[in-house]
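# Report on the structure
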Amino acid sequence: MVFSLCYKMTQNYIEAEDMAQETFLSAYTNLSSFDGQHEKAWICRIAVNKCLDFLRKSRRYTISETEELLLGLADREQVEDQVMQEEVRRELREACESLKEPYRTVALAYFCKEETAEEIAASLDKNVKTIQTQIYRARAKLQKIYGRRGM
């Protein structure tokens, strides 16, 4: 993907190889600044910046449709990731809501609202061990539901 991106920007196979290698080298040296999310967008942004710097230095830089397309690529991937995350959350919520009580309440609180077992126990006025057991059983039931859906 990185090489393809570099090739589209430089229109030169050898230069694209160099830019791709510089991209991975830069990504490796700056790995500590990476937040762990949207890795494709992050590495594509590095590649685009490397190619733009190269093109500016070689005085062959012209704003083109390709650049605009590539700049939109990172945004599109971020939107795609957000849509996928929302879809996963929606499916998880539906699966939790399909459970019978008391597992429904516990699963919604634990998996959807991301509450701890202690918080759930306090809000429901139940023993923490009871809630932990219900979370364990709710997880097993959700795994069966997802197994039937083929997910």
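Numbers given for residues are sequential positions, taken from 1 along each chain in its written order. Given that the model is predicted, a residue must reach a pLDDT of at least 70 before its local features are reported, and side-chain atom pairs must reach 80 or more before they are shown or counted; all residues, however, enter totals for whole chains, interfaces and linings. With hydrogens and water set aside, each side-chain value is computed from the structure's full complement of heavy atoms.

### A look at helix 2 (residues 13-29)
Secondary structure elements are defined from DSSP: runs of H or I of at least 4 residues count as helices, runs of E of at least 2 residues count as strands, and each element is numbered from the N terminus. Multiplying 1.5 Å by the residue count of a helix minus one yields the expected span of that helix. Taking 1.5 Å per residue as the helical rise, helix 2 with its 17 residues ought to reach 24 Å, and the 24 Å between its terminal C-alpha atoms agrees with that figure. Turning to helix 2, its buried residues are Glu15, Ala16, Met19, Ala20, Thr23, Ser26 and Ala27. Along helix 2, the residues classed as buried sweep out an arc of 140° about the axis, all on the same side. For helix 2, the exposed residues lying more than 90 degrees away from the buried face are Ile14, Gln21, Leu25, Tyr28 and Thr29. Next to the buried residues of helix 2 lie helix 1 (2-10) and helix 3 (39-57). Where helix 2 begins, one side-chain oxygen reaches toward the backbone nitrogen of isoleucine 14, 2.9 Å away; that side chain belongs to asparagine 12. A simple rule labels every residue: compare its accessible area, found with a 1.4 Å probe on the protein chains alone, to the largest value its type can have, and call it buried under 20%, exposed over 50%, or partly exposed in between. Read the arc as the range of directions from the helix axis to the C-beta atoms. Whether two residues are in contact is decided by their heavy atoms, any of which lying within 4.5 Å being enough. Between N or O atoms, a polar contact is any pair within 3.5 Å; within protein, one atom must be a potential hydrogen donor and the other a potential acceptor, and residues adjacent in sequence are included only when both atoms are from side chains.

### Remarks on the nonpolar core
Of all hydrophobic cores here, the largest spans 15 residues; its most connected members are Val2, Leu5, Cys6, Met9, Ala47, Val48 and Cys51. Listed by contribution, the elements that provide at least two residues to this core are helix 1, helix 2 and helix 3. Ranked by the residues each element gives to this core, the list is headed by helix 3, at seven residues. Not counting residues within four places of it along the chain, the set of residues in contact with cysteine 6 comprises Gln11, Ala16, Met19, Ala20, Thr23, Ala47 and Cys51. Within this scheme, the nonpolar core is defined by two criteria: the residues are buried Ala, Val, Leu, Ile, Met, Phe, Trp, Tyr or Cys, and they are joined through side-chain atoms within 4.5 Å. Ranked by size, the runner-up nonpolar core spans 11 residues in total, among them Cys96, Leu99, Ala107 and Ala138.

### Some words on the side chain of threonine 10
Looking at the element boundaries, threonine 10 is found in helix 1. Accessibility expressed as a relative area gives 6% for threonine 10, which makes it buried. The residues touching threonine 10, leaving out its near neighbours within four places in the chain, are Glu15, Ala16, Met19, Cys51, Phe54 and Leu55.

### Regarding a positive patch on the surface
Patch definition: residues above 30% relative accessible area lacking any salt bridge, with like charges linked at up to 9 Å and the nonpolar side chains Val, Leu, Ile, Met, Phe, Trp and Tyr linked at up to 5 Å. Only the protein chains shown count as cover for residues, with accessible areas throughout obtained via the Shrake-Rupley method and a probe of 1.4 Å. Salt bridges are counted wherever a side-chain nitrogen of Lys or Arg sits within 4 Å of a carboxyl oxygen of Asp or Glu. Positive charge is attributed to Lys and Arg, negative charge to Asp and Glu, and no charge count is given to His or to the chain ends. A charged residue contributes its charge at one atom only: NZ of Lys, CZ of Arg, CG of Asp or CD of Glu. Together, Lys100, Arg137, Lys141 and Lys144 line one region of the surface with positive charge. For arginine 137, a relative accessible area of 44% gives the class partly exposed.

### Here's the deal with the pattern of salt bridges
Side chains that differ in sign of charge can pair as their charged atoms come close. Evaluation of the coordinates by the stated rule reveals four salt bridges. For the salt bridge of arginine 90 with glutamate 94, the shortest nitrogen-to-oxygen distance reads 2.4 Å. Of the two residues, arginine 90 and glutamate 94 both sit in helix 4 (residues 65-97), four residues apart, roughly one turn of that helix. Residue classification places glutamate 94 among the partly exposed positions, given a relative accessible area of 36%. A salt bridge links arginine 104 to glutamate 101, with the shortest nitrogen-to-oxygen separation between them at 3.4 Å. With a relative accessible area of 30%, arginine 104 lands in the partly exposed category.

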